[in-house]
Amino acid sequence: MRRVEQTPPPPGPFRPGFWRSPIRGPWLTSVFGLVLLVGIPVLFVTGALSYAAYNPGLGALNDQTPDKGPLGFYLFDWPTHPYWLYRLTQGVHVTLGVVLVPVVLAKLWSVIPKLFEWPPVRSAAHALERLSLLALVGGVVFEFVTGILNIQLYYVFPGSFYTLHFYGAWVFIAAFVVHVSLKLGRMTRALRSRNLLTELRTGLDDTRPEPADPDGLVALEPAPPTIARRGALAMVGGGSLLLLVVTAGQSIGGRLRSTALLAPHNRDPGSGPNGFQINKTAAAVGVTPAHVGPDWRLEIHGPGPTLVLTRAQLLAMPQQAAALPIACVEGWSTPDQHWSGLRLADLAALAGLPDAASVLVESVQPPGPYSSVVLRGNQIHDLRSLLALRVNGADLSLDHGYPARVIVPANPGVNNTKWVHRLTFRT
């Protein structure tokens with residue numbers, strides 16, 4: 001350690017005079033940190049709610065996270081009321097994550113000298129702080145990058161996004177808690193050192209460096225300012241506002257959908273009864289017209305004999321209706337669509353289990369992630385939960401799940417299984 005301390009720093013960013021921005025300092029860093037101190041916990045909580053919405057307690061079909069151990073704790077059954085709950089929580093999660101990108105980048109810029117401290121380790125305590133900083137920076141970059149790639153449907157991960165994002169979130173939030181506990185006092189003092197309104201009135205000509213700080217954020221040899229602190233705040237805030245405008249419409253829907261320029265799914269999905277957003281087409285998952293042709297049958301399993309029904313027989317039964325949206329993990333959602341079909345509760349009764357605790361829903365699509373799902377009892381018995389046969393007065397299109405699909409209030413879109421051919425009700 002002594003030899004390292006006596007070794008002169010390597011050239012470049014390790015040299016004390018390399019970083020020369022006159023606006024970098026504890027106050028500006030703390031302003032960005034305060035925004036993240038509010039935003040990151042909201043992201044974590046809404047992400048945890050998204051995990052809960054998959055009803056992971058029902059088994060591997062719903063939760064494909066390997067070796068999750070105590071990290072996969074499950075506190076409550078996901079409700080069906082209000083019906084727009086998942087649309088709200090996941091919309092907030094994705095939109096807020098995108099909106100915070102400029103703040104995260106600004107925060108990383110403001111503390112980048114800390115990443116090039118020399119010597120890199122001065123003591124055991126300093127080593128612990130450096131490790132937490134490495135986990136924090138690596139975690140935030142990993143979570144934001146994988147999250148944005150996921151909502152853009154750009155799957156270049158060396159494994160399942162679901163698994164990687166799950167474990168990455170826990171690493172990041174642990175480092176975040178450690179970092180906040182170490183820095184909260186300094187952040188509070190830094191925020192009190194300058195008045196925000198005064199800084200917003202301070203132009204470029206009057207911009208001065210902050211006093212030297214023990215963290216080494218303030219430049220030793222500051223260059224002349226090229227932007228005031230208010231300009232930096234305006235640039236970051238403007239970037240976040242712009243991202244809000246071009247992202248939020250995919251969750252809010254309606255006329256604002258056309259403003260969602262970053263939405264990966266078609267902003268204009270066409271007209272007609274089936275003219276609303278689709279997550280994965282039939283062709284994308286290997287479902288062909290042959291799978292759902294005249295030979296298609298719905299099997300209903302329970303304690304008694306198996307029921308095998310044609311689509312015509314299903315349509316001949318009393319039809320029920322529900323107005324429900326589709327909300328997807330990528331953050332997009334549809335307006336309420338008017339579905340009609342058979343209540344899952346009525347089908348459970350037909351199977352001989354009117355008080356069914358769960359149902360295994362299986363699709364005709366080739367085996368793969370989310371080709372089957374297990375629904376909980378509260379989802380079965382909600383009177384708006386349907387095996388839908390029609391939507392908006394017309395037959396389902398093939399891409400929307402013809403001949404039959406599940407639609408359940410507040411259920412993640414991927415768990416509203418399409419091309420259903422078997423329902424197995426269980427006690």
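Structure's up top.
Below: a short report on this structure. (Residues numbered from 1 in each chain as written. Predicted model: local features only at pLDDT ≥ 70, side-chain atom pairs only at ≥ 80, totals over all residues. Heavy atoms only, no water.)

As for the overall build of the chain
Counting secondary structure elements, the chain contains 13 helices and 10 strands. Per-residue burial over the chain gives 47% buried out of 427 residues. Surface accessibility of the chain: about 20100 Å² in total, with carbon and sulfur atoms responsible for 66%. Positive and negative side-chain charges of the chain, numbering 34 and 25 respectively, have mean locations separated by a distance of 6 Å. (Helix = DSSP H or I, 4+ residues; strand = E, 2+ residues; numbered from the N terminus. Buried < 20%, exposed > 50% of the residue type's maximum accessible area, 1.4 Å probe, protein only. Areas by Shrake-Rupley, 256 points an atom, 1.4 Å probe, with all protein chains shown as cover. Lys, Arg positive; Asp, Glu negative; His and termini not counted. Charge placed at Lys NZ, Arg CZ, Asp CG, Glu CD.)

Quick notes on the nonpolar core
Formed by 31 residues in total, the largest nonpolar core has its most connected members in L387 and F425. Elements that contribute at least two residues to this core include exactly α10 (282-285), β1 (298-301), α12 (344-350), β5 (358-363), β6 (372-376), β7 (386-391) and β10 (420-426). If sequence neighbours within four positions are ignored, F425 has contacts with I300, H301, G302, L344, L347, A348, A351, L353, A356, S358, V359 and I380. F144, F176, A232 and L233 belong to the second largest nonpolar core, which has 24 residues in total. (Core = buried A, V, L, I, M, F, W, Y, C linked by side-chain atoms within 4.5 Å. Contact = heavy atoms within 4.5 Å.)

Things to note about helix α3 (residues 85-99)
Counted at 1.5 Å a residue, the expected span for α3 with its 15 residues is 21 Å, and the 21 Å between its end C-alpha atoms agrees. The buried fraction of α3 is high, at 12 of 15 residues. If you check which residues of α3 are buried, you get L85, Y86, R87, T89, Q90, G91, H93, V94, T95, G97, V98 and V99. On the buried face of α3, the contacting elements are α2 (26-53), α4 (101-115), α5 (124-151), α8 (229-245) and α9 (249-252). (Expected span 1.5 Å × (residues − 1).)

With respect to empty space enclosed by the protein
The full count for this structure, using the stated rule, is 1 cavity of 30 Å³ or more. In terms of lining, the largest cavity is formed by Y83, W84, Y86, R87, P325, A327, V408, A410 and N411. (1 Å grid on protein atoms, 1.4 Å probe; cavity = no way out; pocket = protein on both sides within 12 Å on 5 of 7 lines; lining within 4 Å. Points joined across faces, edges and corners; volume = space filled by probe spheres on them.)

A word on unusual backbone geometry
The amide bond that connects H81 to the next residue, P82, takes the cis arrangement and shows omega of -10°. Within the element layout of this structure, P82 appears in the loop between α2 and α3. Omega for the peptide link from W118 to P119 comes to -5°, which places this bond in the cis form. Here P119 lies in the loop between α4 and α5. The phi torsion at Y370 lies on the positive side, around 65°, for a residue other than glycine. Tracing the backbone through its elements, the reader meets Y370 in the loop between β5 and β6.

What to know about the side chain of N415
Along the chain, the position of N415 falls in the loop between β9 (405-407) and β10. The contacts of N415, once residues within four sequence positions are left out, are A53, Y54, Y370, V373 and L375.

Things to note about the side chain of E143
Secondary-structure assignment places E143 in helix α5. Notably, E143 is buried but unbridged: the nearest opposite-charge side chain belongs to K68, and the N-O separation is 17 Å. (Salt bridge = Lys/Arg side-chain N within 4 Å of Asp/Glu carboxyl O.)

Section: the environment of V359
Mapped onto the elements, V359 comes out in strand β5. In this structure V359 comes out as buried when scored by relative accessible area, which is 0%. The contacts of V359, once residues within four sequence positions are left out, are V373, V374, L375, I380, L423, T424 and F425.

Examining the packing of aromatic side chains
Considering all chains together, one arrives at 14 aromatic pairs under this definition. Ring geometry for F18 against W19: centres 4.8 Å apart, planes inclined by 80°, an arrangement best described as edge-to-face. Accessibility expressed as a relative area gives 42% for F18, which makes it partly exposed. Taking 5.8 Å as the distance between ring centres and 35° as the angle between the ring planes, the aromatic pair formed by W19 and F116 counts as tilted. With W19 in the loop between α1 (2-6) and α2 and F116 in the loop between α4 and α5, this pair connects stretches of sequence that are 97 residues apart. Taking the relative accessible area as the measure of exposure, W19 reaches 19% and is therefore buried. Members of the aromatic cluster, each reached through a chain of ring pairs, are F14, F18, W19, F116 and W118. A cation sits over an aromatic face here: R24 above W109, 4.2 Å from the ring centre. (Phe/Tyr/Trp six-rings, centres within 6.5 Å; stacked < 30°, edge-to-face > 60°. Lys NZ or Arg CZ within 6 Å of the ring centre and 35° of its normal.)

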